[in-house]
Amino acid sequence: MSRSIVRQSKFRHVFGQAVKTEQGYDDIRVSKVTWDSSFCAVNPKFLAVIVESSGGGAFLVLPLSKMGRLDKNHPLVTGHAGPVLDIDWCPHNDNILASCSEDTTAMVWQIPDQMGTQPISEPIVVLEGHSKRVGIVTWHPTARNILLTAGSDNLIIIWNVGTGEALISMDDHPDLIYNVSWNRNGSLFCTTCKDRRLRVCDPRKREVVAERMAPHDGIRPMRAIFTRDGNLFTTGFTRMSQRELGLWDPTHFEEPIALLELDTSNGVLLPYYDPDTNMVYLCGKGDSSIRYFEITEEPPYVHYLSTFSSKEPQRGMGFMPKRGVDVSKCEIASHVSLSPHLHLPPLQSDLFQDDLYPDTTGPDPALEPEEWLEGRDEDPILQSMRDGYVPPKSRELKVARKNVLDSRPIPRRSMSSCDGSANLPPQLVDRLLEEVKNLKVTVLSQEKRICDLENKLSKYTNGTA
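All of these numbers come straight from a predicted model, not from anything done at the bench.

## Observations regarding the overall build of the protein chain
Now for step 1: Check the secondary structure of the protein chain and you find three helices and 32 strands.
Now for step 2: Of all 465 residues assigned to the protein chain, the portion counted as buried reaches 48%.
Now for step 3: Relative to all contacts within the protein chain whose residues are 6 or more apart in sequence, the contacts with residues 24 or more apart total 52%.
Now for step 4: Surface exposure of the protein chain reaches about 24000 Å², of which carbon and sulfur atoms provide 50%.

## Structural notes on the UniProt feature "repeat: WD" (unreviewed entry) in the protein chain
Now for step 1: Following the UniProt record, one finds the feature "repeat: WD" (unreviewed entry) at residues 77-111 and 127-169.
Now for step 2: Structurally, residues 77-111 comprises 0% helix and 63% strand, and the distance from its first C-alpha atom to its last is 9 Å.

## Concerning the pairing of strand β25 (residues 279-284)
Now for step 1: Here β25 lies mainly inside the structure; six of its six residues are buried.
Now for step 2: Burial along β25 is two-sided: M279, Y281 and C283 facing one way and V280, L282 and G284 facing the other are all buried.
Now for step 3: Pairing of strand β24 (residues 269-274) with β25, which is carried by six bridges, proceeds in the antiparallel orientation. Looking at the pairing, Y272 lines up with Y281 of β25.
Now for step 4: Bridge analysis of β25 against strand β26 (residues 289-295) gives four bridges, and the strand direction is antiparallel. In the strand pairing of β26, L282 is matched with R291.

## Looking at the nonpolar core
Now for step 1: The biggest cluster of nonpolar side chains holds 36 residues, and the ones touching the most others in it are L47, F59, V61, I87, W89, W109 and I111.
Now for step 2: Put simply, the parts of the chain that give this core at least two residues each are β3 (40-42), β4 (46-51), β5 (57-63), β8 (84-89) and β10 (105-110).
Now for step 3: Among the elements that line this core, the one with the most residues is β4, at six residues.
Now for step 4: Counting residues in each nonpolar core, the second largest holds 20 residues, with V268, M317, V327 and A333 among its members.

## Remarks on the packing of aromatic side chains
Now for step 1: Overall, the coordinates contain nine aromatic pairs when judged by the stated rule.
Now for step 2: Consider the rings of W248 and F253, whose centres lie 6.3 Å apart with planes at 65°: the pair is edge-to-face.
Now for step 3: Clustering of aromatic rings is evident, with ring pairs tying together Y272, Y281, Y292 and F319.
Now for step 4: Across from the ring centre of F237, 5.0 Å away, lies the NZ or CZ of R220, which sits over that ring.

## Here we look at the side chain of S37
Now for step 1: Tracing the backbone through its elements, the reader meets S37 in the loop between β2 (25-26) and β3.
Now for step 2: Taking the relative accessible area as the measure of exposure, S37 reaches 5% and is therefore buried.

## Description of the sheet that holds strand β22 (residues 242-248)
Now for step 1: One open sheet accounts for four strands, arranged β20-β21-β22-β23; its pairing is antiparallel. Here the strands that pair on one side only, and so sit at the sheet edges, are β20 (223-226) and β23 (258-264). Across the sheet, the axes of successive neighbouring strands diverge by a mean angle of 15°, strand direction being ignored.
Now for step 2: For β22 and β23, the ladder comprises five bridges, and the chain directions are antiparallel. Residue pairing for β23: L247 is matched across the bridge by A258.

## Quick word on the environment of L64
Now for step 1: Inspection of the secondary structure puts L64 in the loop between β5 and β6 (68-69).
Now for step 2: On a C-alpha basis, the gap between L64 and Y25 in space is 9.7 Å, while along the polypeptide they are 39 residues apart.

## A few points about the environment of G286
Now for step 1: The residue G286 is located in the loop between β25 and β26 in this model.
Now for step 2: For the pair G286 and Q314, spaced 28 residues apart in sequence, the C-alpha separation works out to 5.4 Å.

## Remarks on the side chain of S310
Now for step 1: Here S310 lies in the loop between β27 (302-309) and β28 (317-319).
Now for step 2: Here the side chain of S310 touches E312 through a polar contact of 3.2 Å, landing on its backbone oxygen.

Rules used throughout
Residues numbered from 1 in each chain as written. Predicted model: local features only at pLDDT ≥ 70, side-chain atom pairs only at ≥ 80, totals over all residues. Heavy atoms only, no water. Helix = DSSP H or I, 4+ residues; strand = E, 2+ residues; numbered from the N terminus. Buried < 20%, exposed > 50% of the residue type's maximum accessible area, 1.4 Å probe, protein only. Contact = heavy atoms within 4.5 Å. Areas by Shrake-Rupley, 256 points an atom, 1.4 Å probe, with all protein chains shown as cover. UniProt positions renumbered as here; feature names shortened; annotations may be inferred. Pairing = 2+ DSSP bridges. Core = buried A, V, L, I, M, F, W, Y, C linked by side-chain atoms within 4.5 Å. Phe/Tyr/Trp six-rings, centres within 6.5 Å; stacked < 30°, edge-to-face > 60°. Lys NZ or Arg CZ within 6 Å of the ring centre and 35° of its normal. Axes fitted to C-alpha atoms, helices over the stretch in contact; angles between N-to-C directions. Polar contact = N/O pair within 3.5 Å; in protein donor to acceptor, adjacent residues only side chain to side chain.

This is how it looks when you write it as structure tokens:
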């Protein structure tokens, strides 16, 4: 009677492969700010990297279509008065990026397909609501224009960047927030905090719905992310400073589903999760390796797959959205490492494999901001990976600011000081209101015309017209 002693998994033979030198980037001065951020973000169009900059904060945006040695005159994205701490690409628009900084603000930027030669210094919208530095910025996974920021004032603010207004504010954390992660449909998010608590928060109820004290015994920073099943995957330290990972059910926080010690190192392990394959990639600053695990429903629940090792330690890491991988090379994930540039494909094949590539999250939002705020939840809109993904051309983000005066009643006042009459006749009031309405329409149309002309002028200046 034969018995298989090797666990069956279609990802058991996944291996890492570093790209060639000419397929990476050289001469990038990565920021040296002391903050546990990934310092870079990548999508199917661009790579963004937080860099050293004098006179304020800046980051670099590089097209993935053009690699090699960086031009010293490549324009930066500037605008923050202090060092940039975190950046995040919008999941619904490959040309929109959010940043946050020590200057207590978050900013949203429109990145053109052609960068030109001049720095980008004017954000689409500036989000001001924190009293101390803002260290975390993350987009809602399914709702359009919803952005979350967390600052050293222990405050979490959720914004509608389409109007520039703060929708929700939560002050449930007594100490510094280490990280924030949305669940798959954006109905909840989890946080780790310096007070050693792991929390699950419902933002629309403005309350903490579950929490666990010290999921890891060590006092060093933790990280937590949601899995597709609603469980929480955490990384932290033991009392003996060994790095550790855990898997938790937030409805039964008393005992972990799995708890595994890894090694002894000072670097905080940053987890990157792929919901399509249920795989987690772990990398730490200063490490020269990336470990990957598969989460399953059978014990021990978190299965070690393999380790990719490089010669140089990494300063940061970016995780490509699944729609950006090259299915023709059988890539199941693509990472960008700040020294060097890494890809993690499985075994090569010329055939599309349906079991490796289920439908993945596409760029279309499932909800509008108002729908999400009213309590509606939707899973991400999926798209097939069979034909690969072609990034669309730049789409402009429209910011329509609400006038706070519009919601206030117009006070009645006497006109006697102006023309000696007590009140205007109703017919004249109606005519004046109609004229004001027409003028507003004219002004809006002229503003749109100005924007169109500026965009056209920019294309001619950049030589793309």
